[in-house]
Amino acid sequence: MRMISQVPLLARLPFWRKQLLDENSRRVSNFVEQIIADRRKGRSASLCAGADLLDLLLSAVDDEGQPFSDQEVKDEALTFVVAGHETTANLMTWAMYVLMTNESVLRACREEVDQVLPNGMIPSYEHMNDLQVCEAILQETLRLYPPVPWFVRKCIREHTIGSDGHHQVRIPVGTTIAIMTYMLHRRADFWPRPLEFDYMRWMRNPMTGLKPKLTHPFCYLPFAAGSRNCIGQNFALLEAKVMLAMFVQRCNFSIEPGQTIVPQITITMRPKYGLKARVTKRS
Ligand code: HEM
(Lines give C-alpha, C1' and ligand atoms only; values in the text may rest on other atoms or scores of the structure.)
Protein backbone atom coordinates (compact mmCIF):
# COMPACT_ATOMS: atom_id res chain seq x y z
CA MET A 1 0.00 0.00 0.00
CA ARG A 2 2.65 2.48 1.10
CA MET A 3 5.04 1.20 -1.54
CA ILE A 4 2.54 2.08 -4.27
CA SER A 5 2.07 5.58 -2.91
CA GLN A 6 5.88 6.04 -2.94
CA VAL A 7 6.08 5.51 -6.72
CA PRO A 8 4.65 8.75 -8.21
CA LEU A 9 3.47 7.19 -11.47
CA LEU A 10 1.79 4.23 -9.78
CA ALA A 11 0.23 6.51 -7.17
CA ARG A 12 -1.57 8.46 -9.92
CA LEU A 13 -2.89 5.44 -11.83
CA PRO A 14 -6.59 4.71 -11.33
CA PHE A 15 -6.01 0.94 -11.20
CA TRP A 16 -8.40 -1.66 -9.86
CA ARG A 17 -9.18 -1.18 -6.15
CA LYS A 18 -6.97 1.92 -5.95
CA GLN A 19 -9.73 3.76 -4.10
CA LEU A 20 -9.85 1.04 -1.48
CA LEU A 21 -6.06 1.19 -1.14
CA ASP A 22 -6.13 4.98 -0.72
CA GLU A 23 -8.92 4.76 1.82
CA ASN A 24 -7.12 2.07 3.86
CA SER A 25 -3.85 3.98 3.62
CA ARG A 26 -5.59 7.03 5.08
CA ARG A 27 -7.13 4.99 7.87
CA VAL A 28 -3.78 3.48 8.92
CA SER A 29 -2.18 6.93 8.72
CA ASN A 30 -4.94 8.50 10.86
CA PHE A 31 -4.66 5.66 13.34
CA VAL A 32 -0.92 6.27 13.82
CA GLU A 33 -1.42 10.07 14.01
CA GLN A 34 -3.99 9.55 16.76
CA ILE A 35 -1.64 7.33 18.76
CA ILE A 36 1.11 9.97 18.57
CA ALA A 37 -1.26 12.82 19.47
CA ASP A 38 -2.61 10.87 22.46
CA ARG A 39 0.88 10.25 23.79
CA ARG A 40 2.00 13.87 23.32
CA LYS A 41 -1.06 15.07 25.27
CA GLY A 42 -0.62 12.47 28.03
CA ARG A 43 -3.84 10.66 27.10
CA SER A 44 -1.91 7.38 26.83
CA ALA A 45 1.12 5.94 28.58
CA SER A 46 3.66 3.19 28.01
CA LEU A 47 2.45 -0.27 28.98
CA CYS A 48 6.06 -1.40 29.54
CA ALA A 49 8.03 -1.22 32.79
CA GLY A 50 9.89 1.77 31.27
CA ALA A 51 9.61 3.98 28.21
CA ASP A 52 8.16 2.29 25.13
CA LEU A 53 9.19 2.79 21.52
CA LEU A 54 6.92 5.79 21.03
CA ASP A 55 8.33 7.51 24.14
CA LEU A 56 11.82 6.93 22.80
CA LEU A 57 10.93 8.35 19.38
CA LEU A 58 9.36 11.43 20.93
CA SER A 59 12.28 12.11 23.26
CA ALA A 60 15.13 11.27 20.82
CA VAL A 61 17.42 14.10 19.70
CA ASP A 62 20.22 14.14 17.13
CA ASP A 63 23.80 15.40 17.63
CA GLU A 64 22.56 19.00 17.37
CA GLY A 65 19.84 18.45 19.95
CA GLN A 66 17.06 18.43 17.32
CA PRO A 67 14.10 16.09 17.91
CA PHE A 68 12.37 14.12 15.13
CA SER A 69 9.79 16.15 13.20
CA ASP A 70 6.15 15.08 13.47
CA GLN A 71 6.41 13.49 10.02
CA GLU A 72 9.53 11.54 11.03
CA VAL A 73 7.94 10.24 14.22
CA LYS A 74 4.91 9.23 12.20
CA ASP A 75 6.99 7.48 9.53
CA GLU A 76 9.03 5.58 12.10
CA ALA A 77 5.95 4.59 14.12
CA LEU A 78 4.14 3.54 10.96
CA THR A 79 7.11 1.40 9.90
CA PHE A 80 6.92 -0.50 13.17
CA VAL A 81 3.15 -0.95 12.95
CA VAL A 82 3.34 -2.17 9.35
CA ALA A 83 6.54 -4.22 9.68
CA GLY A 84 5.60 -5.78 12.98
CA HIS A 85 1.91 -6.50 12.64
CA GLU A 86 1.00 -8.62 9.65
CA THR A 87 4.33 -10.47 9.69
CA THR A 88 3.84 -11.85 13.19
CA ALA A 89 0.12 -12.41 12.54
CA ASN A 90 1.00 -14.52 9.50
CA LEU A 91 3.58 -16.49 11.45
CA MET A 92 0.93 -17.30 14.08
CA THR A 93 -1.63 -18.23 11.40
CA TRP A 94 0.75 -20.68 9.73
CA ALA A 95 1.90 -22.08 13.08
CA MET A 96 -1.74 -22.78 14.03
CA TYR A 97 -2.29 -24.38 10.63
CA VAL A 98 0.68 -26.68 11.24
CA LEU A 99 -0.56 -27.64 14.71
CA MET A 100 -4.08 -28.33 13.43
CA THR A 101 -2.81 -30.56 10.63
CA ASN A 102 0.03 -32.40 12.42
CA GLU A 103 -1.18 -34.31 15.46
CA SER A 104 2.30 -35.37 16.58
CA VAL A 105 3.57 -31.78 16.44
CA LEU A 106 0.66 -30.52 18.55
CA ARG A 107 1.19 -33.37 21.04
CA ALA A 108 4.91 -32.55 21.45
CA CYS A 109 4.15 -28.84 21.79
CA ARG A 110 1.46 -29.41 24.40
CA GLU A 111 3.61 -31.83 26.40
CA GLU A 112 6.34 -29.21 26.65
CA VAL A 113 3.96 -26.37 27.49
CA ASP A 114 2.18 -28.41 30.19
CA GLN A 115 5.53 -29.32 31.71
CA VAL A 116 7.09 -25.84 31.62
CA LEU A 117 3.87 -23.94 32.44
CA PRO A 118 1.71 -26.24 34.61
CA ASN A 119 -1.77 -25.30 35.87
CA GLY A 120 -2.30 -22.36 33.54
CA MET A 121 0.85 -20.56 34.72
CA ILE A 122 1.48 -17.31 32.79
CA PRO A 123 4.82 -17.47 30.96
CA SER A 124 7.56 -15.07 32.00
CA TYR A 125 10.99 -14.31 30.60
CA GLU A 126 12.59 -17.10 32.68
CA HIS A 127 10.45 -19.74 30.93
CA MET A 128 11.43 -18.70 27.42
CA ASN A 129 14.60 -20.79 27.24
CA ASP A 130 12.71 -23.91 28.33
CA LEU A 131 10.14 -23.65 25.53
CA GLN A 132 12.47 -25.28 23.01
CA VAL A 133 9.88 -27.31 21.11
CA CYS A 134 7.78 -24.14 20.72
CA GLU A 135 10.84 -22.33 19.39
CA ALA A 136 11.68 -25.16 16.96
CA ILE A 137 8.07 -25.25 15.70
CA LEU A 138 8.17 -21.50 15.03
CA GLN A 139 11.50 -21.79 13.23
CA GLU A 140 10.26 -24.62 11.02
CA THR A 141 7.07 -22.63 10.34
CA LEU A 142 9.21 -19.68 9.27
CA ARG A 143 11.10 -22.02 6.94
CA LEU A 144 8.10 -23.51 5.12
CA TYR A 145 5.80 -20.48 5.42
CA PRO A 146 7.99 -17.35 5.59
CA PRO A 147 5.65 -14.39 6.33
CA VAL A 148 7.96 -12.23 4.17
CA PRO A 149 8.46 -14.60 1.21
CA TRP A 150 10.81 -12.36 -0.77
CA PHE A 151 12.80 -9.16 -0.45
CA VAL A 152 15.05 -7.08 -2.67
CA ARG A 153 18.61 -5.85 -2.53
CA LYS A 154 20.58 -3.58 -4.86
CA CYS A 155 23.99 -4.73 -6.12
CA ILE A 156 26.74 -2.29 -5.05
CA ARG A 157 29.73 -4.35 -6.25
CA GLU A 158 29.83 -6.31 -9.50
CA HIS A 159 29.52 -10.07 -9.06
CA THR A 160 29.57 -13.13 -11.24
CA ILE A 161 27.64 -16.04 -9.83
CA GLY A 162 27.42 -19.68 -10.89
CA SER A 163 30.11 -22.07 -12.07
CA ASP A 164 32.21 -21.70 -15.23
CA GLY A 165 30.40 -22.00 -18.53
CA HIS A 166 26.93 -21.07 -19.63
CA HIS A 167 25.39 -21.06 -16.12
CA GLN A 168 27.40 -18.00 -15.13
CA VAL A 169 25.48 -14.79 -14.55
CA ARG A 170 27.09 -11.37 -14.31
CA ILE A 171 25.36 -8.98 -11.93
CA PRO A 172 26.31 -5.36 -12.73
CA VAL A 173 26.32 -2.57 -10.14
CA GLY A 174 22.84 -1.10 -9.68
CA THR A 175 20.95 -4.33 -10.44
CA THR A 176 17.96 -4.97 -8.21
CA ILE A 177 17.91 -8.57 -7.04
CA ALA A 178 14.83 -10.30 -5.65
CA ILE A 179 15.63 -13.01 -3.13
CA MET A 180 12.84 -15.60 -3.03
CA THR A 181 12.97 -16.81 0.55
CA TYR A 182 10.02 -19.13 -0.01
CA MET A 183 11.93 -21.06 -2.70
CA LEU A 184 15.29 -20.87 -0.93
CA HIS A 185 13.77 -22.50 2.15
CA ARG A 186 12.47 -25.40 0.06
CA ARG A 187 15.66 -26.21 -1.87
CA ALA A 188 16.63 -29.87 -1.65
CA ASP A 189 20.35 -29.03 -1.86
CA PHE A 190 20.10 -27.13 1.46
CA TRP A 191 17.33 -28.96 3.28
CA PRO A 192 16.94 -32.72 3.61
CA ARG A 193 13.27 -33.72 3.04
CA PRO A 194 12.60 -30.04 2.16
CA LEU A 195 8.79 -30.20 2.02
CA GLU A 196 8.39 -32.12 5.26
CA PHE A 197 7.50 -30.17 8.41
CA ASP A 198 10.17 -31.46 10.78
CA TYR A 199 10.64 -29.22 13.80
CA MET A 200 13.27 -31.66 15.13
CA ARG A 201 15.77 -30.22 12.65
CA TRP A 202 15.89 -27.12 14.86
CA MET A 203 16.22 -28.81 18.25
CA ARG A 204 19.29 -27.90 20.26
CA ASN A 205 21.89 -30.54 21.13
CA PRO A 206 20.94 -31.60 24.71
CA MET A 207 24.62 -31.91 25.68
CA THR A 208 25.96 -28.62 24.29
CA GLY A 209 22.74 -26.59 24.11
CA LEU A 210 23.80 -25.50 20.61
CA LYS A 211 21.45 -25.23 17.65
CA PRO A 212 22.21 -27.44 14.61
CA LYS A 213 24.43 -25.78 11.99
CA LEU A 214 22.80 -24.65 8.74
CA THR A 215 24.11 -26.21 5.50
CA HIS A 216 24.82 -22.68 4.24
CA PRO A 217 24.99 -19.42 6.26
CA PHE A 218 22.38 -17.79 3.97
CA CYS A 219 19.99 -20.69 3.32
CA TYR A 220 17.54 -19.51 6.00
CA LEU A 221 16.40 -15.89 5.66
CA PRO A 222 12.96 -15.36 7.25
CA PHE A 223 14.25 -12.07 8.66
CA ALA A 224 16.52 -11.26 5.66
CA ALA A 225 20.24 -10.66 6.29
CA GLY A 226 22.85 -7.93 6.39
CA SER A 227 22.65 -4.44 7.80
CA ARG A 228 18.98 -3.99 6.76
CA ASN A 229 17.69 -7.23 8.22
CA CYS A 230 14.69 -7.32 10.52
CA ILE A 231 15.26 -5.05 13.51
CA GLY A 232 12.37 -6.73 15.36
CA GLN A 233 13.32 -10.39 14.92
CA ASN A 234 14.15 -11.20 18.55
CA PHE A 235 11.03 -9.43 19.73
CA ALA A 236 8.93 -11.22 17.07
CA LEU A 237 10.17 -14.66 18.12
CA LEU A 238 9.62 -13.83 21.76
CA GLU A 239 6.04 -12.61 21.33
CA ALA A 240 5.24 -15.52 18.99
CA LYS A 241 6.56 -17.98 21.58
CA VAL A 242 4.44 -16.44 24.34
CA MET A 243 1.32 -16.49 22.14
CA LEU A 244 1.90 -20.04 20.94
CA ALA A 245 2.51 -21.38 24.46
CA MET A 246 -0.55 -19.65 25.93
CA PHE A 247 -2.77 -20.69 23.07
CA VAL A 248 -1.77 -24.35 23.30
CA GLN A 249 -2.01 -24.21 27.08
CA ARG A 250 -5.53 -22.76 27.13
CA CYS A 251 -7.34 -23.69 23.93
CA ASN A 252 -8.34 -26.59 21.78
CA PHE A 253 -8.53 -25.84 18.10
CA SER A 254 -9.46 -27.79 15.02
CA ILE A 255 -9.45 -26.77 11.39
CA GLU A 256 -12.82 -26.33 9.67
CA PRO A 257 -13.02 -29.07 7.04
CA GLY A 258 -13.35 -28.43 3.30
CA GLN A 259 -11.05 -25.40 3.06
CA THR A 260 -8.47 -24.81 0.36
CA ILE A 261 -5.29 -23.67 2.03
CA VAL A 262 -2.83 -22.19 -0.43
CA PRO A 263 -0.19 -19.55 0.26
CA GLN A 264 -0.77 -16.23 -1.42
CA ILE A 265 2.49 -14.46 -2.14
CA THR A 266 2.30 -10.68 -2.20
CA ILE A 267 4.59 -8.55 -0.04
CA THR A 268 3.75 -10.92 2.79
CA MET A 269 2.46 -14.48 2.63
CA ARG A 270 -0.87 -15.52 4.06
CA PRO A 271 -3.43 -18.25 3.33
CA LYS A 272 -5.18 -17.03 0.17
CA TYR A 273 -8.70 -17.84 1.36
CA GLY A 274 -8.06 -17.38 5.08
CA LEU A 275 -7.90 -20.11 7.70
CA LYS A 276 -11.06 -21.00 9.57
CA ALA A 277 -10.78 -22.90 12.83
CA ARG A 278 -13.02 -23.95 15.70
CA VAL A 279 -11.51 -22.74 18.97
CA THR A 280 -12.77 -23.85 22.37
CA LYS A 281 -11.57 -23.46 25.93
CA ARG A 282 -9.36 -26.36 27.00
CA SER A 283 -10.77 -28.12 30.05
C1 HEM B 1 7.58 -13.06 12.18
C2 HEM B 1 7.70 -11.75 12.19
C3 HEM B 1 8.57 -10.95 11.28
C4 HEM B 1 9.16 -11.29 10.09
C5 HEM B 1 9.10 -12.62 9.35
C6 HEM B 1 9.91 -10.12 9.63
C7 HEM B 1 10.66 -10.08 8.47
C8 HEM B 1 11.37 -8.98 8.06
C9 HEM B 1 12.18 -8.93 6.86
C10 HEM B 1 12.39 -10.09 5.88
C11 HEM B 1 12.72 -7.68 6.78
C12 HEM B 1 13.66 -7.14 5.69
C13 HEM B 1 12.83 -6.56 4.59
C14 HEM B 1 13.68 -6.03 3.47
O15 HEM B 1 14.90 -5.99 3.56
O16 HEM B 1 13.10 -5.64 2.45
C17 HEM B 1 12.23 -6.92 7.91
C18 HEM B 1 12.54 -5.60 8.17
C19 HEM B 1 12.07 -4.90 9.26
N20 HEM B 1 11.33 -5.39 10.30
FE21 HEM B 1 10.62 -7.27 10.47
N22 HEM B 1 9.73 -9.11 10.54
C23 HEM B 1 8.94 -9.57 11.57
C24 HEM B 1 8.55 -8.87 12.69
C25 HEM B 1 8.90 -7.59 12.99
C26 HEM B 1 8.53 -6.88 14.19
C27 HEM B 1 7.70 -7.47 15.34
C28 HEM B 1 9.02 -5.62 14.08
C29 HEM B 1 8.95 -4.46 15.03
C30 HEM B 1 8.48 -4.49 16.23
C31 HEM B 1 9.73 -5.54 12.82
C32 HEM B 1 10.35 -4.41 12.34
C33 HEM B 1 11.07 -4.36 11.18
C34 HEM B 1 11.68 -3.13 10.66
C35 HEM B 1 11.65 -1.76 11.34
C36 HEM B 1 12.32 -3.48 9.47
C37 HEM B 1 13.13 -2.56 8.56
C38 HEM B 1 14.58 -2.60 8.99
C39 HEM B 1 15.48 -1.76 8.11
O40 HEM B 1 15.14 -1.47 6.97
O41 HEM B 1 16.57 -1.41 8.57
N42 HEM B 1 9.64 -6.76 12.19
N43 HEM B 1 11.42 -7.74 8.68
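Residues numbered from 1 in each chain as written. Predicted model: local features only at pLDDT ≥ 70, side-chain atom pairs only at ≥ 80, totals over all residues. Heavy atoms only, no water.

An unreviewed UniProt entry annotates the protein as Cytochrome P450 originating from Rotaria sordida. Per UniProt, the protein carries the Cofactor (unreviewed entry) text "heme". (UniProt positions renumbered as here; feature names shortened; annotations may be inferred.)

Draft legend 1. How the structure looks around the coordination of the iron atom of the ligand. Protein coordination of the iron atom of the ligand is limited to a single donor, C230 (SG), which sits 2.3 Å from the metal. Structurally, C230 can be placed in the loop between helix 8 (181-184) and helix 9 (233-250). (Donors = N, O, S within 2.8 Å, 3.2 Å for Na, K, Ca; no water. Helix = DSSP H or I, 4+ residues; strand = E, 2+ residues; numbered from the N terminus.)

Draft legend 2. Structural view of the site of the ligand. Every one of the 22 residues lining the ligand counts as a neighbour, but G84, R153, R228, C230 and I231 are closest to it. A83 has a polar backbone atom sitting 3.4 Å from a nitrogen atom of the ligand. Within the side chain of R153, an N or O atom sits 2.7 Å from an oxygen atom of the ligand. Mapped onto the shell around the ligand, the elements with two or more residues apiece are helix 5 (70-101), strand 1 (150-154) and helix 9. When residues in the shell around the ligand are grouped by element, the largest group, seven residues, is from helix 5. The class makeup of the residues in the shell around the ligand is 13 nonpolar, six polar and three charged. (Near = heavy atom within 4 Å. Polar contact = N/O pair within 3.5 Å; in protein donor to acceptor, adjacent residues only side chain to side chain. Nonpolar A, V, L, I, M, F, W, Y, C, P; charged D, E, K, R; others polar.)

Draft legend 3. Main features of the environment of S46. Structurally, the position occupied by S46 is in the loop between helix 3 (18-40) and helix 4 (53-59). If we ignore the near neighbours within four places in the chain, the residues touching S46 are R39, A51, D52 and D55. Side-chain polar atoms of S46 contact the backbone oxygen of G50, separated by 2.7 Å. (Contact = heavy atoms within 4.5 Å.)

Draft legend 4. Inspection of the confidence of the model for the protein at higher detail. Looking at the protein, the pLDDT average stands at 92 and 94% of residues meet or exceed 70. Confidence estimates for the predicted assembly give a pTM of 0.89 and an ipTM of 0.98. (pLDDT = per-residue confidence, 0-100.)

Draft legend 5. The arrangement of helix 9 in detail. Given a rise of 1.5 Å per residue, 18 residues ought to cover 26 Å, and the 26 Å separating the end C-alpha atoms of helix 9 matches this to within 8%. Among the residues of helix 9, A236, A240, K241, L244, A245, V248 and Q249 are the ones counted as buried. Where the residues of helix 9 are buried, they touch helix 5, helix 6 (103-116), helix 7 (132-144) and strand 5 (251-255). (Expected span 1.5 Å × (residues − 1). Buried < 20%, exposed > 50% of the residue type's maximum accessible area, 1.4 Å probe, protein only.)

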